[in-house]
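Close look at the chain arrangement
So the chains spell out like this:
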Amino acid sequence: MIYVKDLYKNFGKTPVLSGINQHFKKGEVTVIIGPSGSGKSTLLRCLNLLEAPTSGSIIFDGQNITDKKADINKIRQRMGMVFQQFNLFPHNNVINNIMLAPVHVKRMPQQDIYKRGLELLSRVGLSSKEKDYPASLSGGQKQRIAIARALAMDPEVMLFDEPTSALDPEMVGEVLDVIKNLIKEGMTMVIVTHEMGFAREVGDRILFMDRGTILEEGTPEEVFSNPKHQRTIEFLSKVL
Ligand code: ADP
Ligand code: MG
């Protein structure tokens, strides 16, 4: 579904991604782990062009999206992104947070979008919160709304950037459960997380990033039980 070829990203003169080559397959769950500052977020943001790569290419569903002629907005609509800090619209209630993008973009009657919004709310277990405002929700509820909002555009891929890192521990599980349900339905995902148990459980592939490169990759068994690189071993010894 997504091919990344020789991807480099510099911020000014600082290299942040140094030659990433990856193939994210349809229906596959890829989990990216690695120390803070290793480039995980930047890689995710390059995938949906929130950051412009310095060089290299990204092929999404057969289309070179790093080409100047690519329609960035159209491409972003096909990839849902969920951030650590939720990024809900504070002045919109829950249902409007979910409906905002589809109402602007989808050629569908508002009533159908509303119905779909209610379905998504029920899917993330928050049917009763339709009219509530983000400020009145817990962190876990906010993040579940953010996931529903991303799903409202019917994305083909979901990108999660540390979706539980800003949550109180008791709310981590409810968000991971929503993500696990999506995985059961076959959603293609790239997830950056520090939740190693979750990574091991849901990941088809684990990528370990260090200093702008993917230092090690493999199945959860390979990376967690038999890491090859000293850097991976050190990292895992700190987080497991
Ligand atoms: P991670 O998500 O693995 O913690 P990031 O991708 O956020 O890492 O950041 C990788 C490096 O790039 C860090 O050194 C960070 O300071 C730098 N960086 C990230 N975003 C920017 C930016 N917009 N401008 C300048 N430097 C940035
Ligand atoms: Mg990050």
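It should be noted that the structure appears before, not after, this text.
This report concerns the structure included in the present document. (Residues numbered from 1 in each chain as written. Chains lettered and ligands numbered in written order. Predicted model: local features only at pLDDT ≥ 70, side-chain atom pairs only at ≥ 80, totals over all residues. Heavy atoms only, no water.)

Considerations on the overall build of the protein
To keep it simple, the criterion reads: Under the DSSP-based scheme used, a helix requires at least four consecutive residues in state H or I and a strand at least two consecutive residues in state E, with every element numbered from the N terminus. Values of the radius of gyration come from C-alpha atoms, whereas the globule rule sets the reference at 2.2 Å times the count of residues to the power 0.38. Exposure categories follow from relative accessible area, calculated using a 1.4 Å probe and restricted to protein chains: below 20% of the type maximum is buried, above 50% is exposed, and the middle band is partly exposed. Each accessible area value is a Shrake-Rupley result obtained with a 1.4 Å probe; residue values ignore everything except the protein chains displayed when judging cover. In summary, the charge assignment counts Lys and Arg as positive and Asp and Glu as negative, without counting His or the chain termini. By convention, the charge on Lys lies at NZ, on Arg at CZ, on Asp at CG and on Glu at CD.
When you go through the protein residue by residue, the secondary structure sums to nine helices and ten strands. By the compact-globule yardstick of 18 Å for 240 residues, the protein fits well, its C-alpha radius of gyration being 18 Å. Expressed as lengths along the three principal axes of its C-alpha atoms, the size of the protein is roughly 55 × 45 × 30 Å. A total of 240 residues make up the protein; the buried ones form 49% of that total. Accessible surface, the protein: about 11500 Å² in total, of which carbon and sulfur atoms supply 49%. Averaging the positions of the 30 positive and the 28 negative side-chain charges in the protein gives two centres separated by 5 Å.

Section: the sheet that holds strand E10 (residues 213-218)
Here is the rule: At least two DSSP bridges between two strands are needed for those strands to be called paired. To define axes, lines are fitted to C-alpha atoms, for helices over the stretch in contact only, and angles between the resulting N-to-C directions are given on a 0 to 180 degree scale. The contact criterion used is simple: two residues touch if any of their non-hydrogen atoms lie within 4.5 Å.
The strand order across the open sheet formed by six strands is E6-E7-E8-E3-E9-E10, and the pairing between neighbours is mixed. The open sheet is flanked by strand E6 (79-82) and E10, the only strands paired with a single partner. Across the sheet, the mean angle from the axis of one strand to that of its neighbour is 20°, orientation sign disregarded. Pairing between E6 and strand E7 (residues 157-161): four bridges, direction parallel. Bridging from a neighbouring strand, Met79 pairs with Val157 of E7. Here helix H1 (residues 40-47) sits on the sheet and contacts strand E3 (29-33), E6, E7, strand E8 (188-192), strand E9 (205-210) and E10; the angle it forms with E7, its principal contact strand, is near 155°.

Observations concerning the layout of surface pockets
Stated precisely, the cut-off is as follows: Of the grid points, spaced at 1 Å and generated over the protein atoms alone, those admitting a 1.4 Å probe that cannot get out make up cavities, while open sets with protein on both sides within 12 Å along at least five of seven lines make up pockets; any residue with an atom within 4 Å of a point is treated as lining. Grid points are joined across faces, edges and corners, and a volume is the space filled by probe spheres set on the points. Residue polarity follows a fixed list, in which Ala, Val, Leu, Ile, Met, Phe, Trp, Tyr, Cys and Pro are nonpolar, Asp, Glu, Lys and Arg are charged, and the others, Gly among them, are polar.
In this structure, the largest pocket occupies an estimated 550 Å³ of space. As for the largest pocket, its lining consists of 21 residues, and the residues nearest its centre are Arg76, Met79, Ala101, Arg149 and Met153. With five residues, helix H3 (residues 94-105) is the largest single contributor of residues to the lining of the largest pocket. Across the lining of the largest pocket, the residue classes tally to twelve nonpolar, seven polar and two charged.

Regarding the site of ligand 1
This is how the line gets drawn: One heavy atom within 4 Å of a molecule or strand is enough for the residue carrying it to be called near that molecule or strand. N or O atoms within 3.5 Å of each other form a polar contact, as long as, within protein, one can give a hydrogen and the other can take it, and as long as residues adjacent in sequence are counted only when both atoms are side-chain atoms.
The local shell around ligand 1 consists of Phe11, Val16, Pro35, Ser36, Gly37, Ser38, Gly39, Lys40, Ser41 and Thr42. A distance of 2.8 Å separates an oxygen atom of ligand 1 from a polar side-chain atom of Lys40. Protein chains shield 55% of the accessible area of ligand 1, which is 560 Å² for the free molecule. Broken down by element, the shell around ligand 1 gets its largest block of residues, three residues, from H1.

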